[in-house]
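Observations on the model geometry
Each chain, letter by letter, is given below.
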Amino acid sequence: MEEASQALAQRICASARQAIAQRNRFSLVLSGGSSPHMLFQLLTTPSFVGQLDWSHIHLFWGDERCVAPDHRHSNFLMAKERLLNHITIPATNIHRMPGEMVPEDGANRYQADMSDFFNKGEVKFDFILLGLGSDGHTASLFPGTAGLEEMEKDVIAVPPPLVMKPQVERLTLSLPAINRAREICLLSGLPGKEAVFEKIKNGQGQQFPAAMIKGADWYVA
Ligand code: 6PG
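Throughout, residues of each chain are indexed from 1 in the direction in which the sequence is written. This being a predicted model, a pLDDT of at least 70 is required before a residue's local features are given, and a value of 80 or more before pairs of side-chain atoms are given or counted; all residues contribute to the totals for chains, interfaces and linings. To obtain the side-chain values, all non-hydrogen atoms of the structure were used and water was disregarded.

A few points about the site of the ligand
Filter applied, for reference: The criterion for a residue being near a molecule or strand is simple. One of its heavy atoms has to lie within 4 Å of it. Each polar contact in these results corresponds to two N or O atoms within 3.5 Å; when the atoms are within protein, one needs to be able to donate a hydrogen and the other to accept it, and residues that are neighboring in sequence are counted only if both atoms are side-chain atoms. Note on areas: Shrake-Rupley with a 1.4 Å probe; residue coverage comes only from the protein chains shown. When residues are sorted by character, Ala, Val, Leu, Ile, Met, Phe, Trp, Tyr, Cys and Pro go into the nonpolar class, Asp, Glu, Lys and Arg into the charged class, and all the rest, Gly among them, into the polar class.
In the neighbourhood of the ligand, 14 residues make up the surrounding shell, with S34, S35, D63, A139 and K193 lying closest. One of the backbone nitrogen or oxygen atoms of G32 is found 3.1 Å away from an oxygen atom of the ligand. The contact in question runs from an oxygen atom of the ligand to an N or O atom on the side chain of D63, over 2.6 Å. Protein coverage of the free-state accessible area of the ligand, which is 420 Å², stands at 90%. Residue composition of the shell around the ligand, by class: two nonpolar, eight polar and four charged.

Examining the nonpolar core
Operational definition: Only buried Ala, Val, Leu, Ile, Met, Phe, Trp, Tyr and Cys residues count toward a nonpolar core, and they belong to the same one when joined by side-chain atoms within 4.5 Å. Think of it in three bands: residues with accessible area under 20% of the maximum for their type are buried, residues over 50% are exposed, and the middle band is partly exposed, with areas taken using a 1.4 Å probe on protein chains only. Helix numbers and strand numbers start at the N terminus; a helix is a DSSP run of H or I with at least 4 residues, a strand a run of E with at least 2. Residues are treated as being in contact if the distance between any of their heavy atoms lies within 4.5 Å.
Ranked by internal contacts, the top residues of the largest apolar core, which has 67 residues, are L59 and F125. The element best represented in this core is helix 1 (residues 2–23), accounting for eight residues. Contact partners of L59, with chain neighbours within four places excluded, come to L28, L30, W54, L83, L84, I89, N93, I94 and H95.

Points about the side chain of D126
Along the chain, D126 turns up in the loop between helix 5 (103–117) and strand 4 (127–130). Overall, D126 belongs to the buried group, its relative accessible area being 5%. Of note is the side chain of D126, whose polar atom sits 2.7 Å from the side chain of R23. Engagement of the side chain of D126 in a polar contact is seen with the side chain of R182, the distance being 2.9 Å. Other than its neighbours up to four places away in sequence, D126 contacts A19, R23, R25, F26, S27, R182 and E183.

As for the packing of aromatic side chains
In plain terms, the rule: Aromatic rings from Phe, Tyr and Trp, with only the six-membered ring used for Trp, were paired whenever their centres fell within 6.5 Å, and each pair was classed as stacked if the ring planes differed by under 30 degrees, edge-to-face if by over 60, and tilted otherwise.
Following the criterion strictly, the structure yields eight aromatic pairs and no others. For the pair F60 and F125, a centre-to-centre distance of 4.9 Å together with 55° between the ring planes defines the contact as tilted. One end of the pair, F60, is in strand 2 (residues 57–61); the other, F125, is in the loop between helix 5 and strand 4, with 65 residues separating them in the sequence. On the basis of relative accessibility, which here comes to 0%, the residue F60 falls in the buried class. The class for F125 is buried, based on a relative accessible area of 0%. Measuring from centroid to centroid gives 5.3 Å for F197 and W218, while their planes differ by 55°, and the two rings are tilted. Pair noted here: F197 is in helix 7 (residues 194–201) and W218 is in strand 8 (residues 217–220), with a separation of 21 residues, a long-range link. W218 matches F197 in its accessibility class, with the two residues each being buried. Taken together, F60, Y110, F117, F118 and F125 form an aromatic cluster joined through their ring pairs.

Regarding helix 1
The condition is simple: For a helix, the expected span equals 1.5 Å multiplied by the residue count minus one.
In this model, helix 1 (22 residues) spans 31 Å end to end at C-alpha, consistent with the 32 Å of a helix rising 1.5 Å per residue. Those residues of helix 1 that fall on the buried side of the exposure criterion are A4, S5, L8, A9, R11, I12, C13, S15, A16, A19 and I20. A positive phi of about 70° marks N24, the residue just after helix 1.

Brief notes about the pattern of salt bridges
Under the convention used in this document: The term salt bridge refers to a side-chain nitrogen of Lys or Arg lying within 4 Å of a carboxyl oxygen of Asp or Glu.
Under the definition given, this model contains nine salt bridges. Where R11 meets D217, a salt bridge forms, and the shortest distance between an N and an O atom there is 2.8 Å. Of this pair, R11 sits in helix 1 while D217 sits in strand 8, placing them 206 residues apart in sequence. Taking the relative accessible area as the measure of exposure, D217 reaches 33% and is therefore partly exposed.

In short, geometric facts, not functional conclusions.
In C-alpha cells, the structure reads:
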C-alpha cells in the first residue's frame, strides 16, 4: 500500500495547490474502509503536512455507516483518529455525514450542507477518493441495488448491504454526484478483490458499481 498511498498523497497535494490557487478552496471527499489508513497517516507526516493548506481544504465523505460518530464502525471516526486529530483544520471545514440521524433525514441534511457549500449551485467536488469492495461496490453503492438508479439527489440513504459488513444502513453519494467531480481516485489494497478488479479492468464488470465511476484513476497495491 505504501507506494500507492505515497503517489496519491503527492497527487492530493498538487490538486489542492491548484484548486486553492484557482478557486481559493479545495473540496476533498474521503472514503471509509481500511485502504486509506496509510494515506491518511501519511498526510499527517511533516513532508506532507507542510504542503497542505488545511485552512482552505474542506473535507467531505463519500459514504457513512448509520452509526454515531464515535462508533467504531464510523467512517468519520476512522478519519478522525488517523488524520483529523493530527492536523490543524478549522472545525467549519469538516463536513461529516450525520450517520447518527434517521437515515433519510441525515441524507436530506447532508444534501443541504453540500448545497450551502456550493452556494446552492451544482454539487461538484474537486477530488473524490473511493475504495473498492470485494463485491464490486464503491462508496455505499452496492451491486444490483436501487441506489444505483438515483439520478436526481446527490446523497441518499441505502439499506444495509446483504453481504458486506457492517450490515447497517448507509448514507452515500450518488453516482451522478461522484461522476461530476473534477478528479476521482480509487485506492485499493487488492487482497480478496483481484477477481473483481480484473473484470473491471477487462471491461467485463459493467454490473459492478465501481465500474460505473467514469474517468477514475486507480491506485492499487
Ligand atoms: C465503507 C466504504 C467502502 C470501502 C470499501 C473498501 O464505508 O465501507 O467507504 O466503500 O471503501 O468497502 O473497503 P476497504 O478499504 O476496507 O477494502
